[in-house]
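# Residue-level structure breakdown
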Amino acid sequence: MADNVLVMYAGQAVEYANVKDIFAAPRHPYTQGLLKSIPKLHEDVDRLYAIKGSVPSAVNFPKGCRFAPRCENCSQVCKEQPPELYHIGKGRQVRCHLYAAGRDEK
């Protein structure tokens, strides 16, 4: 029912793309975690995947990336500087230092 998807975390857009691209290859670690948590009819599991940690308080966001305390890919720059919303082609945008100029795209 939608052509494009905007994924938000802690009040910020973290990923924007065509719906097919988001589901086929999510780029932001939060989007990846969300999609991993969706139950699958062909799998019988005791517990669904859960992203570690908790959403930060809106009155006390982390200094750098708002998702950094919960991110499996967190580096020092993530803890110190908020990431920009990077354009990564095909109309896609991702707010993550992994996609800063000069870094390899995942």
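None of the values given here were measured: they were computed from a predicted structure. Numbering of residues starts from 1 in every chain and runs along the sequence as written. The model is predicted, so local features are restricted to residues of pLDDT at least 70 and side-chain atom pairs to those at 80 or more, both for listing and for counting; the totals for chains, interfaces and linings are taken over all residues. The side-chain quantities take in all heavy atoms of the structure and omit both hydrogens and water.

What follows covers the packing of aromatic side chains. Pairing of aromatic side chains here covers Phe, Tyr and the six-membered ring of Trp, requires ring centres within 6.5 Å, and sorts the geometry by plane angle: under 30 degrees stacked, over 60 edge-to-face, intermediate tilted. Summed over all chains, the structure comprises 3 aromatic pairs. Considering the side-chain rings of Tyr30 and Phe67, the 5.5 Å spacing of their centres and the 65° angle between planes classify their relative orientation as edge-to-face. You can see Tyr30 sitting in helix 2 (residues 29–36) and its partner Phe67 sitting in the loop between helix 2 and helix 3 (76–80), a full 37 residues away along the chain. Here Tyr30 and Phe67 have matching classes, each one buried. Ring-pair connections join several aromatic residues into one group, and the members of that group are Tyr9, Tyr30 and Phe67. Over the ring of Phe61 we find Arg66, and its NZ or CZ is 3.7 Å from the ring centre. Numbered from the N terminus, helices here are DSSP runs of H or I no shorter than four residues, and strands are runs of E no shorter than two. To sort residues, take the accessible area from a 1.4 Å probe on protein chains only and compare it with the maximum for the residue type: under 20% means buried, over 50% means exposed, and anything in between is partly exposed. A ring has a charge above it when a Lys NZ or an Arg CZ is no more than 6 Å from the ring centre and no more than 35 degrees off the ring normal.

Mapped onto the secondary structure, Asp46 falls in the loop between helix 2 and helix 3. In this structure Asp46 comes out as exposed when scored by relative accessible area, which is 87%. Each C-alpha atom of the pair Asp46 and Gly11 lies 31 Å from the other, and the pair is 35 residues apart in sequence.

Val7, Tyr9, Val14, Ile22, Tyr30 and Phe67 are the most contacted members of the largest nonpolar core, which has 14 residues in total. The set of elements that each furnish at least two residues to this core consists of strand 1 (4–9), strand 2 (12–18) and helix 2. Apart from the residues lying within four places of it in its own chain, the contact partners of Val7 are Gln12, Ala13, Val14, Glu15, Ile22, Tyr30, Thr31 and Leu34. Membership of the second largest hydrophobic core comes to 7 residues, among which are Val94, Leu98, Tyr99 and Ala100. Each nonpolar core is a collection of buried residues, namely Ala, Val, Leu, Ile, Met, Phe, Trp, Tyr and Cys, held together in the definition by side-chain atoms within 4.5 Å. We call two residues in contact whenever any of their non-hydrogen atoms come within 4.5 Å of each other.

What follows deals with the pattern of salt bridges. Where charged atoms from two side chains of opposite charge come close, those side chains can pair. Any carboxyl oxygen of Asp or Glu that lies within 4 Å of a side-chain nitrogen of Lys or Arg is treated as forming a salt bridge with it. Summed over the entire model, instances satisfying the criterion amount to 2 salt bridges. With a shortest N-O distance of 2.7 Å, Glu15 and Arg92 are connected by a salt bridge. With Glu15 in strand 2 and Arg92 in strand 4 (residues 92–94), this residue pair connects regions lying 77 residues apart in the sequence. For Glu15, a relative accessible area of 0% translates into the label buried. Assessed through its relative accessible area of 6%, Arg92 is described here as buried. For Lys90, the salt bridge goes to Asp21, with nearest N and O atoms at 3.4 Å. In this pair, Lys90 is assigned in the loop between strand 3 (86–89) and strand 4 and Asp21 in helix 1 (residues 19–24), connecting sequence segments 69 residues apart. Overall, Lys90 belongs to the exposed group, its relative accessible area being 69%. Classification of Asp21 by relative accessible area gives buried; the value is 18%.

Such coordinate-based values are descriptive only and should not be taken to indicate function.
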